[in-house]
Structures are given as C-alpha cells and as structure tokens.
Amino acid sequence: MKKALAWGAVLGGAAAGALAYALKVEPYLVEATETTLQPPRLPESWNGLRVLFLSDPHVCEFGPREEKVLRLIDESEPPELILWCGDVLGTVESIDESLKLVEAVRERFPSLPMYAVPGNSEHKPGKKRRERLYTGLRALDISLLINEWQELTLRGETITIAGCDDPYYGWADLEKTFAGIPK
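A brief report on the enclosed structure follows. (Residues numbered from 1 in each chain as written. Predicted model: local features only at pLDDT ≥ 70, side-chain atom pairs only at ≥ 80, totals over all residues. Heavy atoms only, no water.)

1. Description of the overall build of the chain
Okay, step 1: If you tally the helices and strands in the chain, you get 5 helices and 6 strands.
Okay, step 2: Starting at the N terminus, the α and β elements of the chain follow one another as α-β-α-β-α-β-α-β-β-β-α.
Okay, step 3: Residues counted as buried form 34% of the 183 residues belonging to the chain.
Okay, step 4: The contacts in the chain between residues at least 6 apart in sequence include a share of 72% that link residues at least 24 apart.
Okay, step 5: On the chain, roughly 11,600 Å² of surface is accessible, and the fraction owed to carbon and sulfur atoms is 56%. (Helix = DSSP H or I, 4+ residues; strand = E, 2+ residues; numbered from the N terminus. Buried < 20%, exposed > 50% of the residue type's maximum accessible area, 1.4 Å probe, protein only. Contact = heavy atoms within 4.5 Å. Areas by Shrake-Rupley, 256 points an atom, 1.4 Å probe, with all protein chains shown as cover.)

2. Focus: the packing of helix α2 (residues 64–75) against helix α3 (residues 95–108)
Okay, step 1: Contact geometry for α2 and α3: axes closest at 11 Å, N-to-C directions at 20°. Accordingly, the angle class assigned to the pair α2 and α3 is roughly parallel. Along this stretch, α2 crosses α3, giving a crossing that reads as right-handed. Contacts between α2 and α3 involve Glu66, Val69, Leu70, Ile73 and Asp74 from the first element and Leu101, Ala104, Val105 and Arg108 from the second.
Okay, step 2: Split by residue class, the contact of α2 with α3 holds 6 nonpolar, no polar and 3 charged. (Axes fitted to C-alpha atoms, helices over the stretch in contact; angles between N-to-C directions. Parallel < 35°, antiparallel > 145°, perpendicular 65-115°, else oblique. Left-handed = near helix turned anticlockwise from the far one by under 90°. Nonpolar A, V, L, I, M, F, W, Y, C, P; charged D, E, K, R; others polar.)

3. So, the sheet that holds strand β4 (residues 143–144)
Okay, step 1: Taken together, 4 strands build an open sheet; the order of strands is β1-β2-β3-β4 and the sheet is parallel. Of all the strands in the sheet, the pair left with one neighbour each is β1 (51–54) and β4.
Okay, step 2: In this structure, strand β2 (residues 81–84) lies alongside strand β3 (residues 114–116), joined through 3 bridges in parallel fashion. Bridging from a neighbouring strand, Leu83 pairs with Tyr115 of β3.
Okay, step 3: Here α3 sits on the sheet and contacts β1, β2 and β3; the angle it forms with β2, its principal contact strand, is near 175°. (Pairing = 2+ DSSP bridges.)

4. As for the nonpolar core
Okay, step 1: In this structure, Ile82, Trp84 and Val105 are the most contacted members of the largest nonpolar core, which totals 28 residues.
Okay, step 2: Elements that contribute at least two residues to this core include exactly β1, α2, β2, α3, β3 and α4 (127–139).
Okay, step 3: Tallying contributions element by element places α3 first for this core, with 6 residues.
Okay, step 4: Setting aside chain neighbours within four positions, we find Val105 in contact with Leu54, Leu70, Ile73, Ile82, Trp84 and Met114. (Core = buried A, V, L, I, M, F, W, Y, C linked by side-chain atoms within 4.5 Å.)

5. With respect to a nonpolar patch on the surface
Okay, step 1: A surface patch of nonpolar side chains, amounting to about 380 Å² of accessible area, comprises Tyr168, Tyr169 and Trp171.
Okay, step 2: With respect to the secondary-structure elements, Trp171 resides in the loop between β6 (157–163) and α5 (174–178).
Okay, step 3: Trp171 sits in the partly exposed class, given a relative accessible area of 38%. (Patch = residues over 30% accessible without salt bridge, like charges linked within 9 Å, V, L, I, M, F, W, Y side chains within 5 Å. Salt bridge = Lys/Arg side-chain N within 4 Å of Asp/Glu carboxyl O.)

6. Considering the side chain of Arg106
Okay, step 1: Positionally, Arg106 belongs in helix α3.
Okay, step 2: Put simply, Arg106 is tucked away with no salt bridge, and the nearest opposite charge, on Asp141, sits 4.2 Å away.
Okay, step 3: Side-chain polar atoms of Arg106 contact the backbone oxygen of Leu140, separated by 2.9 Å.
Okay, step 4: Contacts of Arg106, omitting those with residues within four sequence positions, involve Ser111, Leu112, Met114, Leu140, Asp141 and Ile142. (Lys, Arg positive; Asp, Glu negative; His and termini not counted. Polar contact = N/O pair within 3.5 Å; in protein donor to acceptor, adjacent residues only side chain to side chain.)

Listed below in structure tokens is the structure:
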C-alpha cells in the first residue's frame, strides 16, 4: 500500500510539473529565428528581402507573451513584407485580443504589405466569429489569402503570392488556390 501511495505521489507530482510547464513556461518560449532563403525563381532585385513570418501566436489574452513578440520585432531589422501564417487565435473568444497583436504589428509598419492565411484555430469559432476576425484583419489592411492568389510588387518587381486555407480541417483547396495563376 505504501509503495502504491508513493508511486501515486510521484506520478501526481510529475503530472503537476508537466501541467505547470505547459501553462507557465512553454507558452512564453517565444523566439525569433533568422534564416536566409534563396528561392530560385524570385527576382534578383529581391536578394536580401527581409520577410517577417509570424506563425502560431495562439493569442488568448494580450499579455507578456505578446509583448515579448513585439519586443523581438522591435529589436530586429525592419522587414519589407509581413506574412501571418495561421493560428492567430488562441480561443474562440479571443478575436479582439488576437486583433490587438495584429494591430500592434500594423502600427509598427503602417505601409508594409501584409498577407495572412487561416490556420486550424481560425476555423474553431464558427462562421460568424471567423468572419468577424476576417473583417478585423481586412480593416487593418491585411490581405487575407484564402485559397487564392494576388500579385505583389516590391522593389519594382511583381510576383504572384498564393495562400492556401487550413488543411487540418479540410479547408485547403490547392486547385482553387492556383487556378488562373500567371506563370
């Protein structure tokens, strides 16, 4: 009996530690990673183009984690293009809080082109709330690419940028995304 109680205490302690890590440590392990890519078909004038790629902020409430994201952005070289790559929402109720983060980034770079694609988190709130989020993004001058493409001109060169919806819940439609896309 004592052995079972001891193992129960060990397992309970391990579970409590894992829960504390998952809630209090891991969400704040926000990092900025810099990498150099050389896509073969981009215009030569785009060499050195700085792109801010923001993915999976899962905003529940605007707090220390979001402030850290903004600090990391402020400490980096300014981008020329910003891509929001899904899962901005943390909960179905966090639309306003999520838009606060997007708005704070937009305020830092008011004239930069910004594009976004939905992730699976954007499909959890249901159609009405999802449309409220999308309306908020568009009001911040974010080009929302949902299985579609647009032409983008930077540094005097025009390319096509395409965005595909979330594949996790089956919203992705590559055929529609690339339909009519110029060579």
